[in-house]
Amino acid sequence: MHPALDWQEDDLSSAFTPAPQPPAPRPARLPGELPMAVAAAIWRGDQLGGPVSAVLASGFEALDAQLPGGGWPCHGVIEILASQSGMLEWRLLGPALRQVCSAGRAVVVVGPPKAPHLPGLRFEGIDERHLVWVRADTAAERLWSAEQLIKANACGALVVWLPQARAEQVRRLQVLAASCEGPVFLCRPTAAARESSAAPLRLQARVGLDWELHLDIFKRKGPPLQGTLRLGSVPGGLRAVLTPRLRFPSRLLPSDLSREADHVVVSTPAPDRPHHAVH
């Protein structure tokens, strides 16, 4: 007689493994549908573009939300059009330039219509030790200086005033800026909005009544911004002295005058008028 085998249930479960299940079938793509990896890499013209390079926060949350990538794009030209040249640009760019100075990099300005006002810039947090002012009186000098600075990647941010820049000159700056780590801000008069430009980001800025900046973004990677963007921008030196009543001057005016003042058109000053600065 053969002895009975002592089988254990656990032994049976370990001796036999379940057969591998076949992988779940992939859902069939609809006709004309792209693979997920390809679709993710495509930018559609009716969508706000994503970051293709580094960006520098503008310091205005509402503005960052409307800029591709969430800030001023680096490796490219940003065109700022304004009728009050030499004043408004500092209020718009001040928060971003402050970040550049805090990082220990230089902010270079080429050919500003007026000499930089150092006490006012200190209120904006811009350290004059990191500010370089290149005095260039002619358009050729400004363009040459900007090109050399961009080629050398010599600054954290470059602001250049070129009121009479031609389309081919802007295109050349854009090509050179592709290898520049910091943003290149090109300041021009509002009349330039009618001209074509290779700058991938173009906006028009003007001053509002209640210490605001009104921006119209008419070219960006994506659809143009519908409507005007209003940014609170009290100059640094006035923040501590403005009373609550003066914080909103429009409330002190009759409603009719307030609406008219909000849409006032300021004529563009004559370009290339010589300005003499004292060092």
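Residues numbered from 1 in each chain as written. Predicted model: local features only at pLDDT ≥ 70, side-chain atom pairs only at ≥ 80, totals over all residues. Heavy atoms only, no water.

Caption draft 1: Broad picture of the sheet that holds strand 7 (residues 184-188). If you walk across this open sheet you meet the 8 strands as 5-4-6-7-3-8-9-10, and the pairing is mixed. Edge positions in the sheet fall to strand 5 (131-134) and strand 10 (229-232), since each of these pairs with one other strand and no more. Along the sheet, successive strands turn relative to each other by an average axial angle of 25°, direction set aside. Direction of pairing for strand 6 (residues 157-161) relative to strand 7: parallel, over a ladder of 4 bridges. Across the sheet, the residue bridging to V159 is F185, located in strand 7. Together, strand 4 (107-110), strand 5, strand 6 and strand 7 form the strand contacts of helix 6 (residues 139-152), whose direction differs from that of strand 6 by roughly 165°. (Pairing = 2+ DSSP bridges. Helix = DSSP H or I, 4+ residues; strand = E, 2+ residues; numbered from the N terminus. Axes fitted to C-alpha atoms, helices over the stretch in contact; angles between N-to-C directions. Contact = heavy atoms within 4.5 Å.)

Caption draft 2: Inspection of the pairing of strand 4 at higher detail. The two faces of strand 4 match: V107 and V109 on one face and V108 and V110 on the other face are all buried. Direction of pairing for strand 4 relative to strand 5: parallel, over a ladder of 4 bridges. Of the residues in strand 5, the one forming a bridge with V109 is W133. Following the chain from strand 4 across helix 5 (residues 118-123) to the adjacent parallel strand 5, one finds a crossover that is right-handed. As judged from the 4 bridges shared by strand 4 and strand 6, these two strands associate in the parallel manner. Bridged to V109 within strand 6 is V159. (Buried < 20%, exposed > 50% of the residue type's maximum accessible area, 1.4 Å probe, protein only. Right-handed = clockwise from strand over helix to strand, strands pointing away.)

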